[in-house]
Structures are given as structure tokens and as C-alpha cells.
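Report on the structure
Residues per chain, in single letters:
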Amino acid sequence: MDKGRVLSLRHVLMLSLALNVGLILRLGYVGESWRAEQSLHGFCLEEKQLNRGTSPSPMADSSQKVPHVSKTKLVMTTSSTSTSRSTGVEDGGGQRVINLDHGDPTMYERFWQQMGDKSTVVISGWKYTSYFSDVTNLCWFLEPEFAKAVIRLHKLVGNAITEDRHLVVGTGSTQLLQAALYALCPPNESEPMSVVSAAPFYSSYPLLTDFLKSGLYKWAGDAHKFDKDRPYIEFVTSPNNPDGSTRQAVVNGNRGILVHDLAYYWPQYTPISVRADHDLMLFTVSKSSGHAGTRIGWALVKDEEVARKMTKFMELNTIGVSKDSQLRAAKILQAVADSCEHIGSHEEVQAFFDYSYIVMEKRWKQLREAVKKSGLFSLPDFPSGFCNFSGRNFESQPAFAWLKCEGDIEDCESFLRGHGILTRGGNHFGVCPKYVRISMLARDKMFNLFTERLSEI
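Calculation notes
Residues numbered from 1 in each chain as written. Predicted model: local features only at pLDDT ≥ 70, side-chain atom pairs only at ≥ 80, totals over all residues. Heavy atoms only, no water. Salt bridge = Lys/Arg side-chain N within 4 Å of Asp/Glu carboxyl O. Helix = DSSP H or I, 4+ residues; strand = E, 2+ residues; numbered from the N terminus. Polar contact = N/O pair within 3.5 Å; in protein donor to acceptor, adjacent residues only side chain to side chain. Contact = heavy atoms within 4.5 Å. Disulfide = S-S within 2.5 Å. Buried < 20%, exposed > 50% of the residue type's maximum accessible area, 1.4 Å probe, protein only. Phe/Tyr/Trp six-rings, centres within 6.5 Å; stacked < 30°, edge-to-face > 60°.

**Overview of the pattern of salt bridges**
Using the criterion set out here, one finds 18 salt bridges in the structure. A salt bridge links Arg230 to Glu191, with the nearest nitrogen and oxygen atoms 3.9 Å apart. Here Arg230 is found in the loop between β6 (217–222) and β7 (232–237), whereas its partner Glu191 is found in the loop between α6 (172–184) and β5 (193–197), with 39 residues between them in sequence. Ionic pairing is found between Arg417 and Glu413, a salt bridge with its closest N-O pair at 3.2 Å. Taken together, the residues Arg417 and Glu413, both in helix α12 (residues 412–417) and 4 residues apart, mark about one turn of the helix. The network of salt bridges with shared partners includes Arg165, Asp277, Asp279 and Lys302.

Now the structure itself:
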């Protein structure tokens, strides 16, 4: 055998060996990728099953990275117990963690499941491809169908004046708040305009105000402590988030501009005593009907120039607001109004506000009993009032509970976290940490587990 043939055989042998090693490594890689993919698919499938079942899991909400929420470990295994399905997370010691930090309104899912297709929207692929909705309207991206639904519901409930107002739609009330700040601040002032709200104030107000680091405005804290003789903007939230109280403006200056955040001024939370009549009023679908994921809010604005500047902010920020979301919100608000007026149904359908009022009434009674049994906590009392919409006389039953730890417990958020209950501490709302805000809008099983555990502390 000559030397050239030997070299050729060696080359073939080395090439064959290399190909076989490469094939083995490839199979190993594909196998690991497949197992990882199956693991991820299993997790997603489990999450979908929990969300579609009778007691969906708020796992996604619990795992959000929020500075004031302690880290938790996701439960990746299925469980036959209703408790695991209603909480979805566990701490390092295996105790189920109840996350009531966020105001995620999953409480309303059951009602909308009962409504079936009455709130379903089908949109053909060729529809709504344009940026524009109505070029003759000041808010040119406002869908007329959504505007009609908003006005109809306000007139039905009687919670706000819509006559001689400009309707501006936004991606939730968060975007509308920033649009209002932009619209209300003069552009050429030597100093940023102060923005205040009475403590306890909504925890996102300071973050939203200072997020863009605007030269037009800046957060100036508690309205009770504001004493500067210069223009200011005051956020008035009524009913208030977090403590549920009815609010009026606090600063007694004559150079102030008021923004009324009325997200919770609906008859399941508080008696509707008057039609709100303010220069700028904000509302949102998330707390009125429970559709936070639709991301739609609206403003009723008296001054045309302010409404025009708010629209300009939205144009520059997001080039309008999703038409799909507006049409879904319109259908939802129409379904709410129809249920209250019993329109288009041959079967007995419970009115939305009756349903949600009864749920909130039951939950507040359940929470007060748990607090009384524990003896370590206290809750605010609310005055009774007559509701012009429902004809009921009742105490406010807010979307959040403002819980206080009594005695020697100084940090209520940390104390409850030690018992597997995640809340938002008072320091985020401009007050002392003996208070926490607790969402009353979680799914039934999570809320029941919460009150059971609280009563045993």
C-alpha cells in the first residue's frame, strides 16, 4: 500500500470520527433544547389551565418585579388543592403567599363569564387600519362608539356631568394624568410647577410626576404641607386610593389647578350622591368594569385648550390610542348599561352594579370579622350615604382596605409579609409604615384565604 493511499484512509477515518462526534453533540443539544422547551410549555400550559379554571392563578401578577414586593418563588408543579391554585406562589418555607399588593380587578371575572358573548367583539382584519377615527373631533383618535358608550353610562349612573365637556381617551388613566400635567403647565415658567396630593395619596403619583424629569412640573409632596405662594396642581382622588375616604381639595390657595381622579366613583364602591362637576375629571375602565388589561381611560375636560393640549400629548406619546381597545371598552360599557336597563335579554341577567355591590358588601363584612377576631388590626369607618343610582343607603366599601397594625407593630407591611401576605406599606403613600393598603379585588379563593389567615394571626 503506497503512502498516498494510507494518508487518504487516515483522512477518511478522521472525517468520519469528526462527523460522528458532531452528530452526538447535536443530538445532546437538541435533547436539552427539547426538554427545556417542554418544561416551558408545561409551565405555560399550567398557567393557562389555572387562568381558565374555576379558580385561576394570579401567578403573573405575583411575580412582577416591584421594588416594594418581596421576591417569591414560582410554583412550577401542578397541585390538586384549591389553595395552591388560588395563590400560585410560595415562599422559601413552603407557605402559600397571598399577593394583594396590586389592585388587579380579577374579582369581576366571574360576572363576565356569566355574560357569555354579550361583551364579545369581533374585528375583521381589514378594519381600523387608519390612525384616524374622527378628524372633525378635537380628539381625532377617539372612536365615536366608545364616546357614546361613556356618555350613556355616566348619564345612567349619574356620577358625572358630560354636557359641555370634551372627551379625551387615553391608554388608561396613567397616560391621561401625564397628559393633564403637560396640558396644565405653562411652558415658559422659570421653575417647574408644584404637584401635590393630600396624604395618604396614590402611591404612583410621585413616580408618575417625576418619571419624565420634566422641566414643566415636579412632585412637591403632601398637599397638607404645601404653603408656597405660587401656582400648583393638586390631585384630588375621591373616593381616595388608598383609604377610601371622600376627598375635597386641601390647599386653600387661589393659584391652584385641580385634577379630579374619580376612578372609584362608581356605585359598587360608594354612594353616588351628586353628578361630579369639575374642570378635569379622570375615569378608567379598569376599576369601573374590571377590565384593567384593556388599558383604556378617559377624561372629561371643560376647557377646550386643555383638551387640545392633552390630545397633542397623546399624539406625540403614542400617536393616539388603540382602536381595538376602544371598541372592546365600548362593548363592555354597553353591556354594563344594558344589564342595568335589562335591554336585549330574554333571560334573567343580574345588573352589573348590583352584582359588584353585593360582592363588595360581602367582602367588607368578611374582612371586618377577620380583623375583629385577630385583635391586632383596625380599619377605618365610613359614613353612610344615600345612593341616587341604586336607591340604597350604605357605607362606602372601597376597592382597597387601609389596614393599620396596632400595638408595638411598627412596620405592618413587613409583619404581614412574615405571614405570607404581600401588601403595600404606608410609606409609599406618604404616611407611616403602621398602615398598609390591601386590594379587595382579588379572585374569591385568594380573598377567602387572606381573611382566613388574617383572622388567625
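Read on, since the account is not over.
**Details of the side chain of Arg363**
Note on placement: Arg363 falls in helix α11 (residues 352–374). Of note is the side chain of Arg363, whose polar atom sits 2.8 Å from the backbone oxygen of Met440. Ignoring sequence-local partners within four residues, the contact set of Arg363 consists of Met107, Met440, Leu441, Ala442, Arg443, Asp444 and Phe447.

**So, the state of the cysteines**
For the structure shown, the criterion picks out 1 disulfide. With its sulfur 2.0 Å from that of its partner, Cys405 forms a disulfide with Cys412. Taking the sign of the S-S torsion, about 60° here, the bridge from Cys405 to Cys412 comes out right-handed. Taken as a pair, Cys405 and Cys412 share a single burial class, namely buried.

**Focus on the packing of aromatic side chains**
For the structure shown, the criterion picks out 26 aromatic pairs. Arranged with centres 6.0 Å apart and planes meeting at 70°, the rings of Tyr264 and Phe400 form a pair that is edge-to-face. Placement of the pair is Tyr264 in the loop between β8 (256–261) and β9 (280–284) and Phe400 in strand β14 (residues 400–405), with a sequence separation of 136 residues. Just as Tyr264 is buried, Phe400 falls in that class too.

Geometric values such as these leave the question of function open.
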